[in-house]
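What follows is each chain in one-letter form.
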Amino acid sequence: MGPELTPERRATALRAFHTLPKEDREDAVALARQGRRHPDERVAAVAWWYAAAVLQPRWYNRLPVAVPAVLVLVLLAAAFLFDNAGFALAGLVVLLGAAALVRQRILTAPLLRLMRPPAAGDMPD
């Protein structure tokens, strides 16, 4: 998980990452998955701050992957037991939300594991 950021710093980091060209964002993520930093230090710093903003120490980032999986199974069992489509729909919502969180962790965790930018106190423009 990333460091705790104020809402303003988090918004700045997210905006800065999304203003980077798509190729730079994709390159930063791909290189981070290989354990390498982006050669452009500005892009590397913006990507690190983005990962820090996305992986805030919140309850949903601390939740083990098994918890939503068990919840989906319980909801599906309840849907069959009570013949209620509402439980099945709730299970689908939990499944999609958990999949989005897992995808987010997989994509951003390698960025955060890279070396913190030299001027980590400075937010990207």
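Residues numbered from 1 in each chain as written. Predicted model: local features only at pLDDT ≥ 70, side-chain atom pairs only at ≥ 80, totals over all residues. Heavy atoms only, no water.

Novice: I would appreciate a short explanation of the environment of L96 in the present structure.
Specialist: On the secondary structure map, L96 appears in helix α6 (residues 85–113). It is 9.9 Å that separates the C-alpha atoms of L96 and P68, two residues lying 28 residues apart in sequence. (Helix = DSSP H or I, 4+ residues; strand = E, 2+ residues; numbered from the N terminus.)

Novice: Explain the side chain of R37 here, please?
Specialist: Examined against the element boundaries, R37 turns out to sit in the loop between α2 (22–33) and α3 (41–54). At 2.6 Å, the side chain of R37 forms a polar contact with the side chain of E41. (Polar contact = N/O pair within 3.5 Å; in protein donor to acceptor, adjacent residues only side chain to side chain.)

Novice: Sorry if this is basic, but what is going on with the side chain of T108 here?
Specialist: When you line up the elements, T108 lands in helix α6. Residue classification places T108 among the buried residues on the basis of a relative accessible area of 3%. When near neighbours in sequence (up to four residues on either side) are disregarded, T108 contacts Y50, A51, V54 and L55. (Buried < 20%, exposed > 50% of the residue type's maximum accessible area, 1.4 Å probe, protein only. Contact = heavy atoms within 4.5 Å.)

Novice: Looking at this model, I keep getting lost on the nonpolar core. Mind explaining?
Specialist: As a rule of thumb, nonpolar side chains are buried together in soluble globular proteins. F17, W49, A52, L111 and L112 are the most contacted members of the largest nonpolar core, which totals 23 residues. Breaking this core down by element, the ones donating at least two residues are α1 (7–19), α2, α3 and α6. Top element by residues in this core is α3. It accounts for ten residues. In this view, A52 contacts G2, P3, L5 and L112; residues no more than four positions away in its chain are not counted. (Core = buried A, V, L, I, M, F, W, Y, C linked by side-chain atoms within 4.5 Å.)

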